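# Summary of the model geometry
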Amino acid sequence: MKPFTIVRVAAVMVILIAVLCGAVAAADESVQFDYDIFRQGETLAVWLDVTPVLDQRRMEDLLAGLAVRITVDCRLEKPRWPLPARALTSGQWVATVTRRLTEDAYYLQVAGRSAVKYKFDNQLELSDFLADSLVFPVAATAGLRRAEKIRLSLTLVCNSLNPNILSENSLPPDQSGGGPEVFDRLFALFNEAVGLGADTYRIVSPLFDPAALPDMSR
């Protein structure tokens with residue numbers, strides 16, 4: 001391998017490591033999220049305000065034409081000290097925000113057990129919806145034991161990406177001849193797919209008894 005190529009490989013590796021380290025460091029425990037756990041008939045549900053993840057950097061990405069994806073991993077757990085918590089149920093939802101520059105409109109698509117799509121005329125409407133209206137069904141209450149103390153664990157991952165990635169998979173062309181252009185293309189694809197890293201947040205609720213939660217369907 002030529003010295004120039006070795007330098008390029010090292011540079012790309014350093015950048016990727018820095019991005020990954022930045023993603024870990026971005027798990028800022030000081031960020032506070034509002035949420036509420038309740039019953040909707042026979043279903044345990046959680047309302048979550050995800051607006052803290054849309055900081056200035058993410059909004060600038062939206063204004064620049066990138067999409068912002070918020071992945072929510074949800075787990076109901078039963079602590080077993082000193083053993084790791086036992087997962088009772090899990091689910092994942094993905095909220096993707098895009099802005100069409102030609103319309104100056106915002107779109108939100110939420111995918112999980114089903115998919116829905118919304119359109120907003122301005123950023124204020126989008127923020128109000130994200131703060132007030134995201135409710136995720138977590139589990140059927142029939143599958144949970146009565147008087148059992150459990151907790152809710154949420155992991156939020158937010159990243160920016162090229163909106164074209166949402167509809168097609170971009171793969172690097174066949175450049176078996178090697179050369180520095182290979183690493184330029186790989187880094188470009190990495191940057192298109194995940195921006196400059198993801199922000200990760202963790203929310204763990206206090207222990208609660210599902211049977212004692214209010215039923216908001218009444």
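To keep things clear, this report deals only with the structure shown in the data block. (Residues numbered from 1 in each chain as written. Predicted model: local features only at pLDDT ≥ 70, side-chain atom pairs only at ≥ 80, totals over all residues. Heavy atoms only, no water.)

### What to know about the packing of aromatic side chains
Applying the stated criterion across every chain yields a total of five aromatic pairs. Centroid distance Phe-33 to Tyr-201: 5.5 Å. Interplanar angle 70 degrees. Geometry classified as edge-to-face. Residue Phe-33 is found in the loop between α1 (3-25) and β1 (35-40), and its partner Tyr-201 is found in strand β9 (residues 199-204); the two are separated by 168 residues along the sequence. Side by side, Phe-33 and Tyr-201 carry an identical accessibility label, which is buried. Seen in terms of ring centroids, Tyr-118 and Phe-129 are 4.5 Å apart; in terms of plane orientation they differ by 45 degrees. Their pairing is tilted. (Phe/Tyr/Trp six-rings, centres within 6.5 Å; stacked < 30°, edge-to-face > 60°. Helix = DSSP H or I, 4+ residues; strand = E, 2+ residues; numbered from the N terminus. Buried < 20%, exposed > 50% of the residue type's maximum accessible area, 1.4 Å probe, protein only.)

### Considering the sheet that holds strand β6 (residues 115-120)
Taken together, the six strands give an open sheet; going across it, the order is β6-β5-β4-β3-β8-β9, and neighbouring strands pair in antiparallel fashion. A single partner strand is all that each edge strand has here, and the edge strands are β6 and β9. Ignoring which end each strand starts from, the neighbouring axes of this sheet average 15 degrees apart. Across 12 bridges, the pairing between strand β3 (residues 67-80) and strand β4 (residues 83-100) is antiparallel. (Pairing = 2+ DSSP bridges. Axes fitted to C-alpha atoms, helices over the stretch in contact; angles between N-to-C directions.)

### Re the pattern of salt bridges
Two side chains bearing opposite charge may form a pair once their charged atoms approach each other closely. Within this structure, the stated rule accounts for eight salt bridges. When the shortest N-O distance is used, the salt bridge between Asp-199 and Arg-57 registers 2.7 Å. Of this pair, Asp-199 sits in strand β9 while Arg-57 sits in helix α2 (residues 56-63); the two residues are 142 residues apart in sequence, bridging distant segments of the chain. A salt bridge links Asp-104 to Arg-99, with the nearest nitrogen and oxygen atoms 2.7 Å apart. The class for Asp-104 is partly exposed, based on a relative accessible area of 42%. (Salt bridge = Lys/Arg side-chain N within 4 Å of Asp/Glu carboxyl O.)

### Points about unusual backbone geometry
Here the bond from Trp-81 into Pro-82 is cis, since omega is 5 degrees, no more than 30 degrees from zero. Looking at the secondary structure, you find Pro-82 in the loop between β3 and β4. Positive phi is not limited to glycine here, since Asp-104 has a value of about 55 degrees.

### Topic: the environment of Arg-113
By the secondary structure assignment, Arg-113 is in the loop between β5 (105-111) and β6. Sequence separation between Arg-113 and Gly-91 is 22 residues, and the spatial gap between their C-alpha atoms is 8.7 Å. Not counting the four nearest positions on each side in its chain, Arg-113 is found in contact with Trp-93, Pro-137, Val-138 and Ala-139. (Contact = heavy atoms within 4.5 Å.)

### So, the pairing of strand β8 (residues 151-161)
Among the 11 residues in β8, eight count as buried, and that is most of the element. For β3 and β8, the ladder comprises 11 bridges, and the chain directions are antiparallel. Its bridge partner lying in β8, Arg-75 is registered against Ser-153. Here six bridges tie β8 to β9, and the two strands are oriented antiparallel to one another. Residue Leu-154 lies in a different strand from β9, and its bridge partner there is Ile-203.

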